[in-house]
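Structural overview
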Amino acid sequence: MAKIPIFLVGFWLLSNWAGLLETEDMMKYKNPNESIDIRVEDLISRMTLEEKIGQMLQIERKYASDNVLNKYFIGSVMSEGGSTPVPQASAENWIDMLNEFQKDALSTRLGIPIFYGIDAVHGNSPVYKATIFPHNIGLGATRDPELVKRIGAATALEVRATGMQYVYAPCIAVCRDPRWGRCYESYSEDPKVVQAMTEIIPGMQGDVPDNMPMGVPFIAGNEKVIACAKHYVGDGGTTNGIDESDTVIDRDGLMEIHMPGYLSSISKGVATIMVSYSSWNGDKMHAHHDLITGFLKNTLHFQGFVISDFEGIDRITSPFRANCTYSVQAGVSAGIDMFMVPKFYTEFIDDLTTLVNNKFIPMSRIDDAVRRILRVKFMMGIFENPFADYSLVKYLGIKEHKELAREAVRKSMVLLKNGKSAEKPLLPLPKKVPKILVAGSHANNLGYQCGGWTIEWQGVNGNDDIKGTTILNAVKNTVDPETTVIYKENPDKEFLESNEFCYAIVVVGEHPYAEMHGDNMNLTIPNPGPEIITNVCGAMKCVVIIISGRPLVIEPYVGLIDAVVAGWLPGSEGQGVADVLFGDYGFTGKLPRTWFKSVDQLPMNVGDPHYDPVFPFGFGLTTKPTKPIYSE
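Residues numbered from 1 in each chain as written. Predicted model: local features only at pLDDT ≥ 70, side-chain atom pairs only at ≥ 80, totals over all residues. Heavy atoms only, no water.

- The name an unreviewed UniProt entry assigns to the chain is Beta-D-glucoside glucohydrolase, from the organism Medicago truncatula.

Shown next, in the form of structure tokens:
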């Protein structure tokens, strides 16, 4: 047996002893006293390619059990629309599920925690008993950025109440055609209004410190969430408003109309930006290197991470998933950092591993993606506090948030007509009269009142899944105790003639929808809405409240109606509607988008040469309260 020189034995002992001495305390990425940049670089230096690719994945909760997060080093988990731990899950149910996922993630070699994402687009809207705020189109009508900031803070608290840390909001699309099924997710057709409403981001994430460099993500503690500006870029400008279609516009137009919201979002420290399913002049955004890497990262210096939309890279090819390897290469090379691959994540891992090993994608691109994701994780403090606790459960659906939502509702109502003549206004309505009729499909239906992205992806019907106040109950709560309120969804002429009503409140509109399911080329009020309007308003004085995610065809009925209110999708707190109907507060809302006469005019936006609306952008009649409002 050959003798081993004594100096080699000594060197071996010293080397291994040094390795043994590297305790967790000496691992810089685990030291909260180190800078975020040092912690990020230390952790990346320790990661294998497999661990890095895992961090680039966000998978659906249904596919995240059975030690999957540990096995594949997954970076994030999410809920698709309607995906919950159990039906009508409590905050505690959510927290218990999240903490089990977190235990799995922390049991990996490096112990990198996950964060959990959800579509909390108007409050924590997928969650039972959460406060449901008006959809963005209604918030755009308020013209009140400070209100929207408070809504962002309330939403963050209610998301954290369920243990989750990441929301796919705000949508800062500039909807240029109301036929688009996501138009209600847009604050306005005017990019300036959209820019103003990005104030929701510091509400969600916290105010960026003065010394923070431009483009660096900022999340201020465990009562705030990671926000996501979406969908980059031009999603609201597709031809004929067809969802996920092509936005045909020159670069100057793209920058002037669809980009300003991103400039504001980045300046406010937004942590993530989601890429749009749509294309720009025929080129898929999920594969657009020039706009993602060239402009967003290199020109605007965005330092957060870019995330794909749900199965977004699978839509790069037509048909869907026609060439997965190509799609992975195109998406990663374009500059997307985290990939929402809910189910087929093992194929993504295999494809990306092969592409890197064969040098089709450089390791520097992988490191850039992981560096951005880890920067957000360290910024949010999740390494020090990975587990959700129950201390914030108390904030889910609290009275203060319900009152905030009610304030948002009354400020979002837009009064389009008030009386057959200006000299004889119908509103505000008298509270003390013998008998009132409330009619319409939307008067007593919280699901219709809230719209899409509420509990389920496409929304719900009825009052069982949402805690709130219908418009009917709001009317009953507001009128004089001696006033009789009769509700009849679709009253016939005989019923109308046999009762002596002082006036009627008619509430009609669209049924819930989301994304492409809401694309609509005719934009008429769904049946039996027109019949209800004609029958009721032909028989008595009436106010019609239109519950919709966009303007609808109403010109044929305007002459028959005494008063018309654009109610948008007000959410769970219908009392805000009654606040302005009966004069406890005045109407102040202004149209966030043009109300067209006919769909033949579309697309039509303020400033267009063929601009001839029934109600122009910014229109909104005002009323004064019937009694003074005293603050407490």
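1. Examining the overall build of the chain
- Along the backbone of the chain there are 22 helices and 17 strands.
- At 27 Å, the chain has a C-alpha radius of gyration in line with the 26 Å of a compact globule built from 632 residues.
- Across the chain, the fraction of contacts at a sequence separation of at least 24, relative to all contacts at a separation of at least 6, is 76%.
- Accessible area of the chain: about 24,200 Å², with a carbon and sulfur share of 53%. (Helix = DSSP H or I, 4+ residues; strand = E, 2+ residues; numbered from the N terminus. Rg over C-alpha atoms; globule rule 2.2 N^0.38 Å. Contact = heavy atoms within 4.5 Å. Areas by Shrake-Rupley, 256 points an atom, 1.4 Å probe, with all protein chains shown as cover.)

2. Structural notes on the sheet that holds strand 17 (residues 563-568)
- Taken in spatial order, the 6 strands of this open sheet run 12-17-16-15-13-14, and their pairing is mixed. Two strands lie at the open edges of the sheet, namely strand 12 (414-418) and strand 14 (484-488), each paired on one side alone. Ignoring which end each strand starts from, the neighbouring axes of this sheet average 20 degrees apart.
- As defined by bridge partners, strand 13 (residues 435-439) adjoins strand 14 across 5 bridges and the pair is classed as parallel. Paired with Lys-435 across the two strands is Thr-484, which belongs to strand 14.
- Here helix 20 (residues 529-537) sits on the sheet and contacts strand 13, strand 15 (503-509) and strand 16 (542-547); the angle it forms with strand 15, its principal contact strand, is near 170 degrees. (Pairing = 2+ DSSP bridges. Axes fitted to C-alpha atoms, helices over the stretch in contact; angles between N-to-C directions.)

3. Topic: the pairing of strand 7 (residues 272-275)
- Both faces of strand 7 are covered, namely the face carrying Thr-272 and Met-274 and the face carrying Ile-273 and Val-275.
- Here 4 bridges tie strand 5 (residues 228-232) to strand 7, and the two strands are oriented parallel to one another. If you follow Cys-228 over to strand 7, its bridge partner there is Thr-272.
- Here 3 bridges tie strand 7 to strand 10 (residues 305-307), and the two strands are oriented parallel to one another. Looking at strand 10, one finds that Thr-272 is bridged to Phe-305. (Buried < 20%, exposed > 50% of the residue type's maximum accessible area, 1.4 Å probe, protein only.)

4. Overview of the UniProt feature "domain: Glycoside hydrolase family 3 C-terminal" (unreviewed entry) in the chain
- The feature "domain: Glycoside hydrolase family 3 C-terminal" (unreviewed entry), as annotated in UniProt, sits at residues 413-622 in this numbering.
- Across residues 413-622, helical content stands at 19% and strand content at 16%; the span's end C-alpha atoms are separated by 10 Å. (UniProt positions renumbered as here; feature names shortened; annotations may be inferred.)

5. Quick word on the confidence of the model for the chain
- Averaged over all residues, the pLDDT of the chain equals 95, while 95% of them reach at least 70.
- Contacts for the low-pLDDT stretch residues 7-15, under 50 throughout, to residues beyond four places or in other chains number 1 contact.
- A low-confidence stretch, residues 17-21 stays under pLDDT 50, and its non-local contacts, those more than four residues away or across chains, total 1 contact. (pLDDT = per-residue confidence, 0-100.)

6. Here we look at the side chain of Thr-623
- Structurally, the position occupied by Thr-623 is in the segment after helix 22 (575-581).
- At 2.9 Å, the side chain of Thr-623 and the backbone nitrogen of Phe-587 are in polar contact.
- Not counting residues within four places of it along the chain, the set of residues in contact with Thr-623 comprises Leu-415, Asn-418, Leu-427, Gly-586 and Phe-587. (Polar contact = N/O pair within 3.5 Å; in protein donor to acceptor, adjacent residues only side chain to side chain.)

7. Considerations on the pairing of strand 1 (residues 57-60)
- Burial along strand 1 is two-sided: the residues Leu-57 and Ile-59 and Gln-58 and Glu-60 are all buried.
- Where strand 1 and strand 11 (residues 339-340) come together, 2 bridges link them in parallel fashion. Considered in strand 11, the bridge of Gln-58 is made with Met-340.

8. Side note on the sheet that holds strand 10
- Reading across the sheet, the 3 strands line up as 5-7-10 and stay open at both edges, with parallel pairing between neighbours. A single partner strand is all that each edge strand has here, and the edge strands are strand 5 and strand 10. Geometrically, the sheet is characterised by an average inter-axis angle of 25 degrees between neighbouring strands, direction not taken into account.

9. Some words on the environment of Gly-123
- Examined against the element boundaries, Gly-123 turns out to sit in the loop between strand 3 (115-118) and helix 6 (136-142).
- When its relative accessible area of 3% is taken as the criterion, Gly-123 is described as buried.
- Here the alpha-carbon distance between Gly-123 and Gly-397, two residues 274 residues apart in the chain, equals 9.6 Å.
- Not counting the four nearest positions on each side in its chain, Gly-123 is found in contact with Thr-131, Phe-133 and Thr-155.

10. Structural notes on the pattern of salt bridges
- Under the criterion given, the structure shown has 36 salt bridges.
- A salt bridge links Arg-182 to Glu-515, with the nearest nitrogen and oxygen atoms 3.3 Å apart. Placement of the pair is Arg-182 in the loop between strand 4 (166-167) and helix 8 (191-197) and Glu-515 in the loop between strand 15 and helix 20, with a sequence separation of 333 residues.
- Residue Arg-182 is classed as buried on the basis of its relative accessible area, which comes to 4%.
- Judged by its relative accessible area of 8%, Glu-515 falls in the buried class. (Salt bridge = Lys/Arg side-chain N within 4 Å of Asp/Glu carboxyl O.)

11. Remarks on the UniProt feature "domain: Glycoside hydrolase family 3 N-terminal" (unreviewed entry) in the chain
- Taking the numbering used here, the UniProt-annotated feature "domain: Glycoside hydrolase family 3 N-terminal" (unreviewed entry) corresponds to residues 48-376.
- Here residues 48-376 runs as 39% helix and 10% strand, with 20 Å between its end C-alpha atoms.

12. Topic: empty space enclosed by the protein
- Applying the stated criterion to the full structure yields 10 cavities of 30 Å³ or more.
- Of the voids in this model, the largest cavity is the one considered here, and its volume is about 90 Å³.
- Elements with a minimum of two residues in the lining of the largest cavity: helix 13 (324-334) and helix 14 (345-357).
- When its residues are assigned to classes, the lining of the largest cavity shows 6 nonpolar, 1 polar and 4 charged. (1 Å grid on protein atoms, 1.4 Å probe; cavity = no way out; pocket = protein on both sides within 12 Å on 5 of 7 lines; lining within 4 Å. Points joined across faces, edges and corners; volume = space filled by probe spheres on them. Nonpolar A, V, L, I, M, F, W, Y, C, P; charged D, E, K, R; others polar.)

13. What about the domain arrangement of the chain?
- As far as domains go, the chain holds domain 1 (117-395) and domain 2 (413-601).
- Taking only C-alpha atoms into account, the centre of domain 1 sits 33 Å from that of domain 2.
- At the interface, 38 residues of domain 1 touch 37 residues of domain 2.
- Taking both partners together, domain 1 and domain 2 bury about 2,800 Å²; carbon and sulfur atoms supply 55% of that area.
- By the criterion of area lost to domain 2, the three top residues of domain 1 are Pro-178, Arg-179 and Tyr-184, representing 22% of everything that side buries.
- Along the contact surface separating domain 1 from domain 2 lie 2 salt bridges.
- Among the ionic pairs, Glu-189 bridges to Arg-593, the shortest N-O distance being 3.9 Å.
- The interface formed by domain 1 and domain 2 holds 25 residue pairs in polar contact (both at pLDDT 80 or more) in total.
- Classifying every residue of the side of domain 1 that touches domain 2 by side-chain character gives 17 nonpolar, 10 polar and 11 charged. (Domains from an automatic or database assignment. Buried area = accessible area lost by both parts, 1.4 Å probe.)

14. Concerning the packing of aromatic side chains
- Tallying each qualifying case throughout the model produces 15 aromatic pairs.
- Each ring, one from Tyr-184 and one from Tyr-513, has its centre 5.4 Å from the other, and the planes form 65 degrees; the classification is edge-to-face. With a gap of 329 residues between them, Tyr-184 in the loop between strand 4 and helix 8 and Tyr-513 in the loop between strand 15 and helix 20 connect regions that are remote in the sequence. Taken as a pair, Tyr-184 and Tyr-513 share a single burial class, namely buried.
- A ring pair is formed by Phe-378 and Phe-383, whose centres lie 4.1 Å apart and whose planes are at 10 degrees; its orientation type is stacked.
- According to the relative accessible area criterion, Phe-383 is buried, its value standing at 16%.
- Put simply, the rings of Phe-115, Tyr-166, Tyr-168 and Phe-305 pair up and form one aromatic cluster.
- In this arrangement the basic side chain of Arg-410 is found over the ring face of Tyr-585, its NZ or CZ atom lying 3.7 Å from the centre.
- Here Lys-435 stacks its cationic end above the ring of Phe-501, 5.5 Å away from the centre of that ring. (Phe/Tyr/Trp six-rings, centres within 6.5 Å; stacked < 30°, edge-to-face > 60°. Lys NZ or Arg CZ within 6 Å of the ring centre and 35° of its normal.)

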